[in-house]
Amino acid sequence: MSLKRPAKDQPENFEFNSSSLEAANKIISKYPKGKQQSAVMALLYIAQKQNNNWIPLVAMKYIAKLLDMPYIKVYEVATFYSMFNLSPVGKYFIQVCTTTPCMIRGAGKLVEACKEKISENESELLSDKNCSWMEVECLGACVTAPMMQINDDYYEDLDKEKTLEILDKILKDEKPKPGSYRGRINNEPENGRKTLMELKNA
């Protein structure tokens, strides 16, 4: 179970904007009457996305009211799952995988790049509060290790130089191109595909 704690500084108000509310209502409508509480994880994700990558306590209370469920149950879900951030992480949240496959292929160099460009410490916002970084467990892209995730996008087949280039772009508020940085398509071998050549997107 996560030991995450909510941020000390909390906003006073939160509500979904029109597009978030539309997305939330669409998800809620998929559940039978009386089972709307099952949408809690999806709504927490929507709240996090709307609120610059983190979920304040007032958002949990808002979701609890929307789903007609006890606030403590929403809080339990938000504090249990590591994908929910309970304090500000910045507009760009960088997660560096350091599990064994990535570690063997040089994830330490990615961590070095984050320390040089962002902060020596994990989960510490850059001075302009634009981004932060942290080490995480497996992100499921072992074939294209080492890799990191920035918000919803994967950046794979990295080394320190490429990581520094990517970080430079986000620090300028530019979006780097996600995917493999060795030119691989999907999870094909590094030296190119040898099978299923007749299938373009295999």
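Residues numbered from 1 in each chain as written. Predicted model: local features only at pLDDT ≥ 70, side-chain atom pairs only at ≥ 80, totals over all residues. Heavy atoms only, no water.

J.: Quick question: what am I supposed to make of unusual backbone geometry here?
T.: Most of the time, phi is negative for any residue but glycine, and the peptide bond is trans. Residues Ala145 and Pro146 are joined by a peptide bond in cis, for which omega reads -5°. For Pro146, the location among the structural elements is in the loop between strand S2 (131-136) and strand S3 (148-150). Although it is not a glycine, Asp68 sits at a positive phi angle of roughly 55°. With respect to the secondary-structure elements, Asp68 resides in the loop between helix H3 (57-67) and helix H4 (71-80). Notably, Ser123 is not glycine yet its phi reads approximately 55°, a positive angle. Here Ser123 is to be found in the loop between helix H6 (107-117) and S2. (Helix = DSSP H or I, 4+ residues; strand = E, 2+ residues; numbered from the N terminus.)

J.: Would you explain helix H1 (residues 18-28) in this entry?
T.: Residues separated by three or four positions in an α-helix point in the same direction, a consequence of the helix having 3.6 residues per turn. Those residues of H1 that fall on the buried side of the exposure criterion are Ser20, Ala24 and Ile28. Axial view of H1: buried residues confined to an arc of 70°, hence all on one face. Summarising the geometry of H1, the exposed residues directed more than 90 degrees from the buried face are Ser18, Glu22 and Lys26. Elements that come into contact with the buried residues of H1 comprise helix H2 (40-50) and H3. (Buried < 20%, exposed > 50% of the residue type's maximum accessible area, 1.4 Å probe, protein only. Arc of directions from axis to C-beta. Contact = heavy atoms within 4.5 Å.)

J.: What exactly am I supposed to notice about the pattern of salt bridges here?
T.: Any two side chains of opposite charge can pair, so long as their charged atoms come close to each other. Within the structure shown, the criterion is met by ten salt bridges. Between Lys160 and Glu116 there is a salt bridge, with its nearest N and O atoms 2.6 Å apart. A residue pair is termed long-range when its members are at least 10 positions apart, and Lys160 in helix H7 (residues 160-171) and Glu116 in helix H6 qualify at 44 residues. Assessed through its relative accessible area of 22%, Lys160 is described here as partly exposed. In this structure, Arg182 engages Asp157 in a salt bridge whose closest nitrogen and oxygen atoms are separated by 3.2 Å. Of this pair, Arg182 sits in the segment after strand S5 (179-180) while Asp157 sits in the loop between strand S4 (153-156) and H7, and the two are 25 residues apart along the sequence. Look at Asp157 and you get buried, because its relative accessible area is 0%. In the salt-bridge network here, residues are joined through shared partners; they are Lys109, Glu112, Glu116 and Lys160. (Salt bridge = Lys/Arg side-chain N within 4 Å of Asp/Glu carboxyl O.)

J.: Would you explain the environment of Pro146 in this entry?
T.: Pro146 sits in the buried class, given a relative accessible area of 0%. Not counting the four nearest positions on each side in its chain, Pro146 is found in contact with Cys102, Arg105, Gly106, Ala107, Leu110, Tyr155, Glu156, Asp157, Leu158 and Arg182.

J.: Explanation requested: the nonpolar core in the structure shown.
T.: Soluble globular proteins: nonpolar side chains tend toward being buried together. Core analysis: the biggest nonpolar cluster contains 23 residues, and Phe16, Val40, Leu43, Leu44, Ile63, Leu67 and Val74 have the highest contact counts within it. Every element with two or more residues in this core is listed here: H1, H2, H3 and H4. Looking at this core element by element, the count peaks at six residues for H3. The residues contacting Leu43, other than those within four sequence positions of it, are Phe16, Ala24, Ile27, Ile28, Ile63, Leu66 and Leu67. Among the nonpolar cores identified, the runner-up in size contains 19 residues, and Val111, Trp133, Ile166 and Ile170 belong to it. (Core = buried A, V, L, I, M, F, W, Y, C linked by side-chain atoms within 4.5 Å.)

J.: It is not clear to me how a nonpolar patch on the surface should be interpreted in this structure. Could you clarify?
T.: A surface patch of nonpolar side chains, amounting to about 360 Å² of accessible area, comprises Met41, Phe80, Tyr81 and Met83. With respect to the secondary-structure elements, Met41 resides in helix H2. (Patch = residues over 30% accessible without salt bridge, like charges linked within 9 Å, V, L, I, M, F, W, Y side chains within 5 Å. Areas by Shrake-Rupley, 256 points an atom, 1.4 Å probe, with all protein chains shown as cover.)

J.: Just to check I follow, could you spell out H2 for this structure?
T.: Of all the positions in H2, only Val40, Leu43, Leu44, Ile46, Ala47 and Gln48 are classed as buried. Buried residues in H2 make contact with H1, H3 and H4. Phi for Asn52, located one or two positions after H2, is positive at around 60°.

J.: Looking at this model, I keep getting lost on the side chain of Gln149. Mind explaining?
T.: Of note, Gln149 is situated in strand S3. Among the polar contacts made by the side chain of Gln149, one reaches the main-chain carbonyl oxygen of Asn151 at a distance of 2.7 Å. (Polar contact = N/O pair within 3.5 Å; in protein donor to acceptor, adjacent residues only side chain to side chain.)

J.: What am I meant to see in the sheet that holds S3 here?
T.: Sheet strands pair via backbone hydrogen bonds, and the direction of the pair is either parallel or antiparallel. Spatial strand order, S2-S1-S3-S4-S5: five strands in an open sheet with mixed pairing. Since the sheet does not close on itself, it has two edges, and those belong to S2 and S5, each with one partner. Pairing between strand S1 (residues 92-97) and S2: six bridges, direction parallel. Within S2, the residue paired with Ile94 across the bridge is Trp133. (Pairing = 2+ DSSP bridges.)

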